[in-house]
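Given next are the chains, with one letter for each unit.
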2 protein chains.
Amino acid sequence: MGKGSDPKIEYLFKPRSIAVIGASHDENKIGYQILRNIRAGGYSGKVYPINPRGGEILGLPVYSSLAELDEEIDVACIVIPAKLVFDAVKDCAQHGVKFILIITSGFSEVGNIEDEKKIASYAREHGMRVLGPNIFGIYSAATSLDATFGSGKIMPGSVAIITQSGALGAAMIGKTAVENIGLSTMVSVGNKSDIDESDLLEYLMDDQGTKIILLYIEGVKKGERLVKTLKEATKRKPIIMIKAGRSKRGAMAAASHTGSLAGADEIFDDIMRQCGVLRAESLQEAFDWCKFLANTPPPSGENTVIITNGGGIGVMATDACEKYGVKLYDDIHTLREIFSWVTPGFGSTKNPIDLTGQATSGDYDSALDEALKSDGIKAVIALYCETALFDAENLPTMIERNYLKYKSEGKPLVFSVFGGDATENCITSLRKHNVPIFADIYAAVSCFGAMYSYYRNSGARPERIRDVDVDIDIDAIDHIVSQAIAEGRYFLLAPEAQNVMRAAGIAIPESYLARNLDEALRRAVEIGYPVVMKIVSRDILHKSDVGGVALDLENREEVIDAYQAIIRNSKARQPDAHIEGVEVSKMVESGMETIIGARRDRAFGPIVMFGLGGIYVEVMKDVSFRAFPLTRVEAMRMLKETRSYPLLLGTRGEERKDIDSVVKTIIKLGAVIQRCKDISDIEINPLVVYDHGKGVEAVDVRILISESKRGKTDE
Amino acid sequence: MGKGSDPKIEYLFKPRSIAVIGASHDENKIGYQILRNIRAGGYSGKVYPINPRGGEILGLPVYSSLAELDEEIDVACIVIPAKLVFDAVKDCAQHGVKFILIITSGFSEVGNIEDEKKIASYAREHGMRVLGPNIFGIYSAATSLDATFGSGKIMPGSVAIITQSGALGAAMIGKTAVENIGLSTMVSVGNKSDIDESDLLEYLMDDQGTKIILLYIEGVKKGERLVKTLKEATKRKPIIMIKAGRSKRGAMAAASHTGSLAGADEIFDDIMRQCGVLRAESLQEAFDWCKFLANTPPPSGENTVIITNGGGIGVMATDACEKYGVKLYDDIHTLREIFSWVTPGFGSTKNPIDLTGQATSGDYDSALDEALKSDGIKAVIALYCETALFDAENLPTMIERNYLKYKSEGKPLVFSVFGGDATENCITSLRKHNVPIFADIYAAVSCFGAMYSYYRNSGARPERIRDVDVDIDIDAIDHIVSQAIAEGRYFLLAPEAQNVMRAAGIAIPESYLARNLDEALRRAVEIGYPVVMKIVSRDILHKSDVGGVALDLENREEVIDAYQAIIRNSKARQPDAHIEGVEVSKMVESGMETIIGARRDRAFGPIVMFGLGGIYVEVMKDVSFRAFPLTRVEAMRMLKETRSYPLLLGTRGEERKDIDSVVKTIIKLGAVIQRCKDISDIEINPLVVYDHGKGVEAVDVRILISESKRGKTDE
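Residues numbered from 1 in each chain as written. Chains lettered and ligands numbered in written order. Predicted model: local features only at pLDDT ≥ 70, side-chain atom pairs only at ≥ 80, totals over all residues.

Asker: Break down the pairing of strand β17 (residues 379-385) of chain B for me, citing the residues and quoting the values.
Answerer: Residue and element names in this part refer to chain B. A large share of β17 lies buried, amounting to 7 of its 7 residues. Of the two faces of β17, the one lined by Ala379, Ile381, Leu383 and Cys385 and the one lined by Val380, Ala382 and Tyr384 are each fully buried. As judged from the 4 bridges shared by strand β15 (residues 304-308) and β17, these two strands associate in the parallel manner. Paired with Ile307 across the bridge in β17 is Ala382. Since β17 and strand β18 (residues 413-418) lie parallel, the crossover through helix α14 (residues 395-409) that links them has a hand, and here it is right-handed. (Buried ≥ 20, exposed ≤ 12 C-beta atoms within 10 Å, placed from the backbone. Helix = DSSP H or I, 4+ residues; strand = E, 2+ residues; numbered from the N terminus. Pairing = 2+ DSSP bridges. Right-handed = clockwise from strand over helix to strand, strands pointing away.)

The following block contains the structure:
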């Protein structure tokens, strides 16, 4: 008992002993059902029902309290009313329990945040970890432990499920049985008062018994850690995720509304892609992927071939390949050599390979054999559409035979078949044998899409940000920011923001603060005409709104007029504003306008954003996001993911833009938001990008102070 | 026999007599199978097998030739080798046959275009119509006629299928049986040498026995007629279409690659939407929609409510509603009044209505009853996720009971249920009773999406283009174009194109042709500085490429310099070019740049295109298309369909643009391309759009002559 380091997470998955606090004699109670499942599942450790009433349940002696036990308890499963839970947790601490599973609901999910926090922190203080509350239990194949209150039997296997929703988790058990998906683990994380997805992933990523991990998530709490853990885990095994709330309205319904420029789900989606997570749209798709990836060898390369007996379905599969990012083999010459002998003259040896409606099961065998033998062909999509000429009675055996052959040779294969009862029965029976066969072509190809996403991600070389890229003068930045905080401001003045850019090594146009007209005129000459002038005031954030900006000033007269107008306008619109002076800067040469942002997200911590300037961001929502740690390749992908990326590459005879400098700026801005905790938001808008080799310039920079640091003093 | 008007299409669907030319004694031959299916289907008309060998097949006396028959023959079904078909067609003409079904393949699909054309035109000349060749037959429930060679029994019902692929058609028969979808008709159109989709749609749109039409299309031949027919047909019943080749690669595979700016499929997709056609992505989706729409009453309005026992699946359904355009009921106050008594406190009466995991079948009954009674709620999506508390044995009866209640009251309802064996069995058994129930939430909501698309389209008021909108001086335009043709040109000179705009009533900047410098200077003063100058030469299409354009000329000196430079550049780059002079025009005020195009599409005839200018079209591919007839509402929708539409509405404090003038310009340009057959392409780029009420200006206009008219003479 007592304080100490955290117990090893293995004891949660492989407990040697388990106590059920609240074990019940009543078959309709969860306290009975859990015990029943533990017994029925054939758990190999020791089980102790606890109930003050004593007696015997399912042949096991019931203990009146934990104190009665001499045994060490790895896991205590609590199924008593919410108001009694804290006392039980204290008993657990007394007894030296390692993990507490709080099945009981009635905590933060109904607003009772306080009790939940109290329990979780008490447990941690006493060297215990808590799963839940508000969960439906845990299943672990390693010790044949089914400590859930579900009614179905769980089949052991290689898929681990982590679910935030207990209700959906229970239904998933049924669904996995229907789909013949065996589980290594199923954990309901519920309210995540202590143990969350990251804790479980850290164990499961190295668990030999787990090949695939399925995550059902409703909301992210400790996003920074989750990103780090997911990035590591996806290097080792595929992680499939379902998160509802993709749409604006859905996100509102999920009450997870954050983010301003883009809906929070876009940020989530981009970050999950960055982590290499396979995000499924629907539950059905997630289960299809799980089953497929658990039963299919990884591909050794990209080139996929479609083999079909119908032209139309071949074209549909081609469409689906484009939708799901599956790359088709294109070497027409080789394809002709391989397939011409099994393809009639009016068929096609171009990809899709069209064996025509005359194909028999033998022709499929031959074509699939050829594809299997070919080193150039890395994966096969086989389509069948019911015909009168086909020897339909051979369909199931032909499919299963080839499935097994491909599996043993380590080449991915998927089937999609379309037709009547015989075809449908073929699907039903073969799916029970885990053969990847689908009625819907898109469902089949979607599995290939998931497989290749994973393949590409896991094959990517590990990469570290070079120190030189993040060589920023953080002391200088902290000094600037702390001055603003000391003055009680919530944003930096333009000259300050420019100094932050200088300290970060991000180029800005030559610029000076002029405190009077004479100084402005001198600076203008120094910089060289044309110049730009802007009001500098701690009280004015939106400079152009007050008439505080003048562009393209070509001579002394224009500077004089503009200076007076800026001061006059600003004083007229905001009479109380304290005016520092006017910023005089070089008129920026025209280039491509982009926006780069960095901010502290509620869920994911520091994130960066990239988009093409102006209306692209505001109307087209053509932006991309990334969390940390961030690599150069990932920053580069941010650019590539925008629809407007071709503009950076140069279109209509224009030069390629300085993409490398954009990537560097993203990384540097990321380093600033990561390392300077007092900054909440930075936006460079526009960052003007010049032709290749000619760099970028941060023309306008806005930096906001973290809310917790704002208004510390008030002048 | 002999020439005459076309036979009535009814005789194809309801023939009184049918001859099978090539009837066979061999059970493995199509000539036997068709006869077997006609007999087995219980066809009510007369059947005459024709085979020179005579004898008896399936109890029917075989005639050695058509000539032997005294009877009138409505339909002759030809199943003899390709080289014998023409002679058989001649026999049919001799005998006065009305419709010929050519099952035989080996015609245009293998390059034998000539024989196919010969047969089709011979038949038309002799008052006969041809279905095929290369088809798998026809099924018509009205006369219990199954003249296909499929192996499965066809169930009569209310869905008509028209398929271009015979192979897929045969498989579809099997699929409809599996899905319990009854058919009114199934027609394979094959190579469409004569009868095509439009002929069949004209009949089926008024056929009382047909409620839904499913079209499988691989390529469009007579697109103008198809558009017209589809527009009429979709006003009367839902038309669901599958066309493969959505992706670039898929379109290449389908060898239907047309269009320059956008892939041909984008044009096809936009035009089908214009026609009110419901385009399905996959075969499974198409069949889901067929079955759903055949069994569901039409909604009387938009407000959909989601009822669920799980929060997560409720959010997923909300996401799906946004994806498929299903509008959710939003009156929180009314929803609370209706549902609060069936929803526990920790549930939600906001849409989705969350009955929570504690809901029983009785709670679903109550909630569904309330939704059915409410006039404000127009349709319901009911979700269920397996829970321990639910009385699962009541699930199927609860669902079927509510399905029937909703059906009889005329309110749409769809179910999606998720769980184990019991849930899965519930789906299987209820689908056999045509209850709309799905495992996948997205599949369920997709059906609602199709239903509402149809509802919105059929509810739209009929609208005609006002004459005033298409009041163009076509004689003037024809005159300009014929002059260019006479000169052997393939494009119009700028002043000519401007005259076309004037004749069409489309505003252009004030502009004159100056044949020398003096004239240019005089015109510049007349127009008022600043002006723009451009080279005018029949030999120069791309003016800026030869240095033939000068913008923003502010005074006399600049006009002199520019004039000389333009002439010098043009002569240097294209020494042989015949130079007409220089166009002097008003410098256009800045506004929003858009592109409007009109051209003659190979498949659809005249089409119009709209997009925002410059990079939006070229990089973002943000364009929309429409075919004719075109209404104002449809032209308006072209604007709304672009992602950049908010820019026309005015963003970032900008004024709303003159949207009405853009719509008018699209309609006028459409009228030009429709009525002046010698023009193949018109592109206004840019059409500058000013603020609301301030109109538009066609700044640059390119008009190309139809290929067939080009180079008629050569100066």
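Asker: Describe the interface of chain B and chain A, listing the residues and the values that go with them.
Answerer: If you look at the interface, chain B gives 67 residues, while chain A gives 67 residues. For the side of chain B that touches chain A, the elements supplying multiple residues, two or more each, are α5 (166-179), α8 (248-253), α10 (283-295), α11 (311-324), α15 (421-432), α16 (441-459), α21 (615-618) and α23 (645-649) of chain B. Class assignment for the residues of the side of chain B that touches chain A results in 30 nonpolar, 21 polar and 16 charged. (Contact = placed C-beta atoms within 7 Å. Nonpolar A, V, L, I, M, F, W, Y, C, P; charged D, E, K, R; others polar.)

Asker: Outline the nonpolar core, supporting the account with residue identities and numerical values.
Answerer: In terms of nonpolar packing, the biggest core is built from 475 residues, with Cys77 of chain A together with Cys77 of chain B touching the most fellow members. What Cys77 of chain A contacts, discounting residues up to four positions off in sequence, is Ile18, Ala19, Val20, Ile21, Ile34, Leu101, Ile103 and Ala147 of chain A. (Core = buried A, V, L, I, M, F, W, Y, C linked by C-beta atoms within 7 Å.)

Asker: So, helix α7 (residues 223-236) of chain B: which residues are in play, and what are the values?
Answerer: Turn by turn, an α-helix covers 3.6 residues, leaving residues three or four places apart pointing in a common direction. Here α7 of chain B is 14 residues long and its end C-alpha atoms lie 20 Å apart, about the 20 Å a rise of 1.5 Å per residue gives. Buried within α7 of chain B are the following residues: Gly223, Leu226, Val227, Thr229, Leu230, Ala233 and Thr234 of chain B. (Expected span 1.5 Å × (residues − 1).)

Asker: Kindly report on the domain arrangement of chain A, identifying the contributing residues and their values.
Answerer: We note that the domain assignment places domain 1 (1-137), domain 2 (296-459), domain 3 (469-586) and domain 4 (592-709) within chain A. A straight line from the C-alpha centre of domain 1 of chain A to that of domain 3 of chain A covers 63 Å. (Domains from an automatic or database assignment.)

Asker: Any details on the environment of Tyr11 of chain A? Residues and values, ideally.
Answerer: Residue and element names in this part refer to chain A. In this fold, Tyr11 is placed in helix α1 (residues 10-13). On the basis of neighbour counts, which here come to 17 C-beta atoms within 10 Å, the residue Tyr11 falls in the partly exposed class. For Tyr11 and Leu101, which are 90 residues apart along the polypeptide, the C-alpha to C-alpha distance reads 12 Å. Setting aside residues up to four positions removed in sequence, Tyr11 forms contacts with Asp74, Lys98 and Phe99.

Asker: Give me the environment of Phe292 of chain B: which residues, what numbers.
Answerer: All names here are of chain B. The topology assignment puts Phe292 in helix α10. When the 23 C-beta atoms within 10 Å are taken as the criterion, Phe292 is described as buried. Linking Phe292 and Gly670, residues 378 residues apart in sequence, is a C-alpha distance of 38 Å. Contact partners of Phe292, with chain neighbours within four places excluded, come to Pro436 and Cys447.

Asker: I'd love a proper account of α10 of chain B, names of residues and values included.
Answerer: Residue and element names in this part refer to chain B. Taking 1.5 Å of rise per residue, 13 residues should cover 18 Å, and α10 covers 19 Å from first to last C-alpha, within 8% of that figure. The buried fraction of α10 amounts to 11 of the 13 residues, a majority that puts the element mostly inside the structure. Residues of α10 that are buried include every one of Leu283, Gln284, Glu285, Ala286, Phe287, Asp288, Trp289, Cys290, Lys291, Phe292 and Leu293, and no others.

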